[in-house]
Amino acid sequence: MPSKARKSANAAIEAKRRQSRSSGSITLLSNGRAPRPRRHIPNSRANWTAYLDAEKGLGLIEGAVHAAKINRPLNLSVTIHFERASLSDLWRPQDAVGAWLKRAGQWLGLRAIPCTFLWVMEHAVGTGRHVHILLHCPPAHQKAFKEKGRGDWLRKAGMIPIKHAIHYERVGPRGYDPATATTAQRGTYLRQLQGSLRYHIKGLDPDQRIDLGVGPKLITELLGVEPEYSSPIYGRRVSRSQNIGRTAIERYHAQLHEEAQKGLSGGVQG
């Protein structure tokens, strides 16, 4: 006669099997095989946006400006196409971007370079879901960075590293270094950065207006952006690294103010 403990265990297993069959899922307990990959369902049907909000767009511009102030100019544009790279159904696009940037940050960190970036998610007709990333990578490291980015980092982010899955574009003159750049080179960098940012925020709501003290104006007109419609984005649409986020920028300006106050008090005492 089987013991009471064995009977209880068998009953629990059988109950789990019945539950599995009724739900139509396949589990390790039901037949010894791993679950089938499931197509991603958005985490919330209500958590989607049709356009990039003006505040978010202005925040990306603010972050790019601050990156230049802290000598981390965003000098490399990266576009990752999720459909071309056959992103696994088990991955959300936002998670894939995070995984790719995690490897990029670790690689840069080994070279004492803080990971400084911003990104915008888009879903365009014809090209499908993709992300535009602007990041800082010193020119001397860009060749090796690109090789890693189009290979192992894509695999670690649930994608297949194939041709045209990822695209790079330099922002600024070749070999641009803000510490040694001429006035003309700085001007070229700023113009190219402006062009890149306008492209990144082209998903702005064409009907949204903001008031900068001269009456409400269309945000796209104020920023010189040619808006383009994107299919709805589920989940986070934009992001930026902490060192160019709102908190870091406020802390930076508070420190400048404190140093200025100390300078003034020292001058008065002198």
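As shown above, the structure is provided for reference.
In short, a report on the structure. (Residues numbered from 1 in each chain as written. Predicted model: local features only at pLDDT ≥ 70, side-chain atom pairs only at ≥ 80, totals over all residues. Heavy atoms only, no water.)

Observations regarding the sheet that holds strand β4 (residues 128-135)
Here's step 1: Here five strands make up an open sheet; going across it, the order is β5-β2-β4-β3-β9 and the pairing antiparallel. Of all the strands in the sheet, just β5 (166-170) and β9 (238-240) have a single pairing partner and so form its edges. Strand after strand, the sheet turns through a mean of 15 degrees between neighbouring axes, direction not considered.
Here's step 2: Here strand β3 (residues 117-124) pairs with β9 via three bridges, running antiparallel. Opposite Val 120, over in β9, you have Val 238 as the bridge partner.
Here's step 3: With respect to the sheet, helix α3 (residues 54-69) is in contact with β3 and β9, its orientation differing from that of β9 by roughly 25 degrees. (Pairing = 2+ DSSP bridges. Helix = DSSP H or I, 4+ residues; strand = E, 2+ residues; numbered from the N terminus. Axes fitted to C-alpha atoms, helices over the stretch in contact; angles between N-to-C directions. Contact = heavy atoms within 4.5 Å.)

Some words on the packing of helix α4 (residues 93-109) against helix α5 (residues 139-149)
Here's step 1: Remark: α4 packs on α5, axes separated minimally by 11 Å, with the N-to-C direction vectors making an angle of 145 degrees. The handedness of the crossing between α4 and α5 is right-handed. Along the contact surface, α4 presents Trp 100, Ala 104, Trp 107 and Leu 108, while α5 presents His 141, Ala 144, Phe 145, Lys 148 and Gly 149.
Here's step 2: The residue inventory of the contact of α4 with α5, partitioned by class, reads six nonpolar, two polar and one charged. (Left-handed = near helix turned anticlockwise from the far one by under 90°. Nonpolar A, V, L, I, M, F, W, Y, C, P; charged D, E, K, R; others polar.)

What to know about helix α7 (residues 183-200)
Here's step 1: If you check α7, its first and last C-alpha atoms are 26 Å apart, about what 18 residues at 1.5 Å a residue would give, namely 26 Å.
Here's step 2: Those residues of α7 that sit buried are Gly 187, Tyr 189, Leu 193, Ser 196, Leu 197 and His 200.
Here's step 3: The inward-facing, buried residues of α7 abut α3, β2 (76-81), β3 and β4. (Expected span 1.5 Å × (residues − 1). Buried < 20%, exposed > 50% of the residue type's maximum accessible area, 1.4 Å probe, protein only.)

Here's the deal with the nonpolar core
Across soluble globular proteins, nonpolar side chains have a tendency to be buried as a group.
Here's step 1: Of all hydrophobic cores here, the largest spans 31 residues; its most connected members are Ile 80, Trp 100, Ile 133 and Phe 145.
Here's step 2: Looking at this core, the elements that each hand over two or more residues are β2, α4, β3, β4, α6 (152-156) and β5.
Here's step 3: Ignoring sequence-local partners within four residues, the contact set of Ile 80 consists of Trp 100, Arg 129, His 130, Val 131, Ile 133, Leu 154, Met 159, Ala 165 and Ile 166.
Here's step 4: One finds Ala 64, Val 120, Ile 219 and Val 225 within the second-largest nonpolar core, a separate group that totals 22 residues. (Core = buried A, V, L, I, M, F, W, Y, C linked by side-chain atoms within 4.5 Å.)

What about the state of the cysteines?
Here's step 1: Taken as a whole, this structure holds zero disulfides when the rule is applied.
Here's step 2: Its sulfur unpaired, Cys 115 is 9.7 Å from the next cysteine sulfur, which belongs to Cys 137.
Here's step 3: Owing to a relative accessible area of 0%, Cys 137 belongs among the buried residues under this scheme. (Disulfide = S-S within 2.5 Å.)

Structural notes on the environment of Ile 70
Here's step 1: Summarising the element assignment, Ile 70 is placed in the loop between α3 and β2.
Here's step 2: The class for Ile 70 is partly exposed, based on a relative accessible area of 25%.
Here's step 3: Along the chain, Ile 70 and Tyr 252 lie 182 residues apart, while their C-alpha atoms are 9.3 Å from each other.
Here's step 4: Excluding anything up to four places from it in sequence, Ile 70 contacts Asn 243, Ile 244 and Tyr 252.

Here we look at the environment of Ser 239
Here's step 1: Within the secondary structure, Ser 239 sits in strand β9.
Here's step 2: Residue Ser 239 is classed as buried on the basis of its relative accessible area of 14%.
Here's step 3: Distance from Ser 239 to Leu 118, taken between C-alpha atoms, is 5.6 Å for residues 121 residues apart in sequence.
Here's step 4: Each residue touching Ser 239, except ones within four places of it in the same chain, is listed here: Leu 60, Leu 118 and Trp 119.
Here's step 5: A polar contact of 3.4 Å, which involves the side chain of Ser 239, links it to the side chain of Arg 236. (Polar contact = N/O pair within 3.5 Å; in protein donor to acceptor, adjacent residues only side chain to side chain.)

A few points about the pairing of β4
Here's step 1: Counting buried positions over the eight residues of β4 gives seven, a clear majority of the element.
Here's step 2: Across eight bridges, β3 lies against β4 in antiparallel orientation. The partner of Met 121 across the bridge, within β4, is Val 131.
Here's step 3: Taken together, β3 and the strand that follows it, β4, pair antiparallel across an intervening segment of three residues, in which Gly 126 is found at a positive phi of about 100 degrees.

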